Amino acid sequence: MSLDTEVVETSIAADKPAWGAVFAMAFGVFGLITAEFLPVSLLTPIADSLQVSEGQAGQTVTVTALVALLTSLVVGNLTRRLDRRVVMLAFTLLLIASALLVAFAENLPMILLARVLLGMAIGGFWTLSTAITMRLVPSDQVPKALSIVFSGISLATIIAAPLGSYLGGIVGWRNIFLLTGALGVLALFWQFFTLPAMPPENKARSGGVLDLLRNSLMRWGMLAVIMMFTGHFAFFTYLRPFLESSAQLNINQLSLVLLAFGVANFFGTSLAGYLVTRSVSLTLTGMALVMSVTAVVLVSFGNLPWLVGAGVAMWGLAFGSMPTGWSTWISRAVPDDAESGGGLLVATIQLAITAGAAAGGWMFDLNGAGGVFLASGVLMLLAAITIFTRVRHHG
């Protein structure tokens, strides 16, 4: 099937935009990301309750990311013959099963098993989300629809960690996971009643996800993704030590700055839906430059609390455009195989999350939080140059 025929087929399938289904997808993303990062805010009570160390309890997040990475590489091929509606409902069922298993877990291995199920749900849902969104709305509305779907991440970032730790102290960590299961049930019903049947598109494909890397445009694009997300996660992982040591913020100021980051991130996601319709690559280049300059400003003027707060919010705003920007880029770079493109993007981001946290730790031990931020700034600058010179002609 030719590329042009495929684009026409996709736009016909999405002649009438199914916005209800788009919002149901966003709610599903919100539930998944909330579940993924809940252990971070509940680490101490989980460790105490199961009589394990906090380091061991922290592996509940690591195993989820690793399984999500592996799932993203194979899910397109494994589910190729299945209706996409059925596949997405199955991933939401995995979220519910995972939350219930954690809530009733008697030991750490049981929790780790539950988190494997969650990793499969996250990897699968993420991978297929761009391709499915392309089938729910006409092609000119895809960036707006993607920004709605990915606003689920920002909302989870704002709500999950602070609310999880606050409510966990009141009702206990097990009940928090029961509530997450209830979120999953709500998402399941919403998706069941709004997602249309989406038969698999039986197109000739060769090697799936990794085969796309034969395309030099995809290689440059994924290199830029690795630089941006590694830079961001190194920055974000060591943000709190920086705010406490360099900026010397107290706990209330710290909470306020982190809230500002989350709120700005949400607005950045919404703004991206507007900007990428004009130019995907210029949006991504501009945001990478903003983050590069912000990192240098934070290191140089870390003793001015108001400037630090504004800088962290600006970083959040700029980063908010990344998931929408890169997913829109994928939808245009490989419109005939957005599922494999989505899988490659998710795998690359999960790899960058791991690299960002690890490299950030090494840099932190070497040069403190300031060193981490400068390294992040350099990575963002390199990413901006790469996008502008190598990726720009595609959007």
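See the structure shown above.
Model, not experiment: these values are computed from the prediction.

What counts, and at which threshold
Residues numbered from 1 in each chain as written. Predicted model: local features only at pLDDT ≥ 70, side-chain atom pairs only at ≥ 80, totals over all residues. Heavy atoms only, no water. Helix = DSSP H or I, 4+ residues; strand = E, 2+ residues; numbered from the N terminus. Contact = heavy atoms within 4.5 Å. Axes fitted to C-alpha atoms, helices over the stretch in contact; angles between N-to-C directions. Left-handed = near helix turned anticlockwise from the far one by under 90°. Nonpolar A, V, L, I, M, F, W, Y, C, P; charged D, E, K, R; others polar. Buried < 20%, exposed > 50% of the residue type's maximum accessible area, 1.4 Å probe, protein only. Polar contact = N/O pair within 3.5 Å; in protein donor to acceptor, adjacent residues only side chain to side chain. Salt bridge = Lys/Arg side-chain N within 4 Å of Asp/Glu carboxyl O. Phe/Tyr/Trp six-rings, centres within 6.5 Å; stacked < 30°, edge-to-face > 60°. Expected span 1.5 Å × (residues − 1).

Undergrad: Describe the side chain of Thr60, naming the residues involved and giving the relevant values.
TA: Its location among the elements puts Thr60 in helix α4 (residues 54–78). Beyond its immediate chain neighbours, meaning those up to four positions away, Thr60 contacts Pro39, Leu108, Ile111, Leu112 and Arg115.

Undergrad: So what's going on with the packing of α4 against helix α6 (residues 108–136)? Residues and values would help.
TA: Direction vectors running N to C along α4 and α6 enclose 35°, while the axes themselves pass 7 Å from each other. The chirality of how α4 crosses α6 is right-handed. Residue-level contacts link Gln56, Ala57, Gln59, Thr60, Val61, Val63, Thr64, Val67, Ala68, Thr71, Ser72 and Val75 of α4 to Leu108, Ile111, Leu112, Arg115, Val116, Leu118, Gly119, Met120, Ile122, Gly123, Gly124 and Thr127 of α6. When grouped by side-chain class, the residues that make up the contact of α4 with α6 number 13 nonpolar, 10 polar and 1 charged.

Undergrad: Any chance you could break down the environment of Asn107 for me, citing the residues and the numbers?
TA: With respect to the helices and strands, the residue Asn107 is situated in the loop between α5 (84–103) and α6. Classification of Asn107 as partly exposed rests on a relative accessible area of 36%. Distance in space between the C-alpha atoms of Asn107 and Leu43 is 14 Å, their sequence separation being 64 residues. For Asn107, the side chain forms a polar contact with the main-chain nitrogen of Met110, separated by 3.0 Å.

Undergrad: Describe the pattern of salt bridges, listing the residues and the values that go with them.
TA: Counted according to the given criterion, the structure contains 2 salt bridges. Note that Arg84 is salt-bridged to Glu339, the shortest N-O span being 2.7 Å. Of the two residues, Arg84 sits in helix α5 while Glu339 sits in helix α15 (residues 338–391), which places them 255 residues apart along the sequence. Exposure class is identical for Arg84 and Glu339. Each is buried. Ionic pairing is found between Arg214 and Asp211, a salt bridge with its closest N-O pair at 3.1 Å. For Asp211, a relative accessible area of 19% gives the class buried.

Undergrad: Summarise unusual backbone geometry; cite the residues concerned and give the values.
TA: The backbone of Gln51 sits at a positive phi, close to 55°, despite the residue not being glycine. Of note, Gln51 is situated in the loop between α3 (43–50) and α4. Located in the positive-phi region is Gln248, a residue other than glycine, with phi close to 50°. Tracing the sequence through the fold places Gln248 in the loop between α10 (239–245) and α11 (251–275). Exposure remark for Gln248: the relative accessible area of 63% places this residue in the exposed category.

Undergrad: Could you give an account of the packing of aromatic side chains, naming the residues involved and the relevant values?
TA: Scanning the model with the defined rule gives 14 aromatic pairs in all. Centroid distance Phe27 to Phe30: 6.0 Å. Interplanar angle 35°. Geometry classified as tilted. Taken together, the positions of Phe27 and Phe30, both in helix α2 (residues 19–41) and 3 residues apart, correspond to about one turn of that helix. Classification of Phe27 by relative accessible area gives buried; the value is 18%. Assessed through its relative accessible area of 13%, Phe30 is described here as buried. Ring centres of Phe192 and Phe193 lie 5.2 Å apart, and the angle between their planes is 85°; on these two criteria the pair is classed as edge-to-face. On the basis of relative accessible area, Phe192 is assigned to the partly exposed category, the value being 44%. Judged by relative accessible area, which is 64%, Phe193 ranks as exposed.

Undergrad: Which residues make up helix α9 (residues 216–237), and what are the values?
TA: An α-helical segment advances 3.6 residues per turn. Residues three or four places apart therefore align on the same side. For α9, which comprises 22 residues, the first-to-last C-alpha distance of 31 Å matches the rise-based estimate of 32 Å (1.5 Å per residue) to within 8%. Of the residues flanking the start of α9, the one acting as N-cap is Asn215, its side-chain oxygen 2.8 Å from the backbone nitrogen of Leu217.

Undergrad: Just give me the short version of the environment of Ser281, but keep the residues and values in it.
TA: With respect to the helices and strands, Ser281 occurs in helix α12 (residues 280–300). With 111 residues separating them in the primary sequence, Ser281 and Arg392 have C-alpha atoms 5.1 Å apart.

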